[in-house]
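Structure at a glance
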Amino acid sequence: MSDQLRSLVDHPVFVYLTDGRTLVGQLMGYDQAANVILGKTHERIFSSTEGMKSVAIGVYVIRGETIALIGELDEELDDQADYDEMKVEPLDPVML
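These lines cover the structure that appears in this document, whether it is placed above or below. (Residues numbered from 1 in each chain as written. Predicted model: local features only at pLDDT ≥ 70, side-chain atom pairs only at ≥ 80, totals over all residues. Heavy atoms only, no water.)

Thoughts on the side chain of Asp78
Among the structural elements, Asp78 can be located in helix α2 (residues 75-80). A distance of 2.6 Å separates a polar atom in the side chain of Asp78 from a polar atom in the side chain of Tyr83. Excluding residues that lie within four positions of it along the chain, Asp78 makes contacts with Arg44, Leu73 and Tyr83. (Helix = DSSP H or I, 4+ residues; strand = E, 2+ residues; numbered from the N terminus. Polar contact = N/O pair within 3.5 Å; in protein donor to acceptor, adjacent residues only side chain to side chain. Contact = heavy atoms within 4.5 Å.)

Considerations on the side chain of Thr22
Summarising the element assignment, Thr22 is placed in strand β2 (residues 22-30). Since its relative accessible area comes to 3%, Thr22 is described here as buried. Here Arg44 takes part through its backbone oxygen, which lies 2.9 Å from a polar atom of the side chain of Thr22. Discounting residues that sit within four places of it in the chain, Thr22 has contacts with Phe14, Val15, Tyr16, His42, Glu43, Arg44, Phe46 and Leu91. (Buried < 20%, exposed > 50% of the residue type's maximum accessible area, 1.4 Å probe, protein only.)

Things to note about a negative patch on the surface
The grouping of Glu72, Asp74, Glu75, Glu76 and Asp79 at the surface amounts to a negative patch. Looking at the negative patch element by element, the count peaks at three residues for α2. Within the element layout of this structure, Glu75 appears in helix α2. (Patch = residues over 30% accessible without salt bridge, like charges linked within 9 Å, V, L, I, M, F, W, Y side chains within 5 Å. Areas by Shrake-Rupley, 256 points an atom, 1.4 Å probe, with all protein chains shown as cover. Salt bridge = Lys/Arg side-chain N within 4 Å of Asp/Glu carboxyl O. Lys, Arg positive; Asp, Glu negative; His and termini not counted. Charge placed at Lys NZ, Arg CZ, Asp CG, Glu CD.)

Notes on the nonpolar core
Most often, soluble globular proteins have nonpolar side chains that are buried together. Among the nonpolar cores identified, the biggest contains 12 residues, and these are Leu5, Leu8, Val13, Val15, Leu17, Leu23, Leu27, Val36, Leu38, Ile62, Ile67 and Ile70. Of all the elements in the fold, those that place two or more residues in this core are β1 (12-17), β2, β3 (36-45) and β5 (67-72). Sort the elements by how many residues they give to this core and β1 lands first, with three residues. The residues contacting Val13, other than those within four sequence positions of it, are Leu8, Leu23, Val24, Gly25, Leu27, Leu38, Ile70, Gly71, Glu72 and Leu73. (Core = buried A, V, L, I, M, F, W, Y, C linked by side-chain atoms within 4.5 Å.)

Side note on the sheet that holds β3
Here five strands make up an open sheet; going across it, the order is β4-β3-β2-β1-β5 and the pairing antiparallel. Each end of this open sheet is capped by a strand with a single partner; those strands are β4 (53-62) and β5. If you compare each strand with its neighbour and ignore which way they point, the axes differ by 25° on average. The pairing of β1 with β2 spans five bridges and is classified as antiparallel. Residue pairing for β2: Pro12 is matched across the bridge by Gln26. (Pairing = 2+ DSSP bridges. Axes fitted to C-alpha atoms, helices over the stretch in contact; angles between N-to-C directions.)

Let's talk about unusual backbone geometry
In the Ramachandran plot, Asp10 falls in the positive-phi region, its phi being about 70° despite a non-glycine side chain. Topologically, Asp10 is positioned in the loop between α1 (2-5) and β1. Judged by relative accessible area, Asp10 falls into the exposed class, the value being 53%. Even without being glycine, Lys40 reaches a positive phi, approximately 50°. For Lys40, the position within the fold is in strand β3. By relative accessible area, Lys40 is classed as exposed at 63%.

See the structure below:
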């Protein structure tokens, strides 16, 4: 996976972790074990009773084995989403 991350460096990414958390941030770097460093990171917390909350984290290091999905974030589409009114069930953890 680490070779596939090369094109995402310095771009905004969406990361879904195996524990069900979702993070967005700028991919600053990675290593051969697919551990990644995100900058300007925010955790997105979803709820079925209220709109999404975004918690600023800043620089965040993620172990590669905890990443279920990572991909480039389309900021234009992301800006169009009305997360304040979006009520959804949180994602379940992923069993690998």
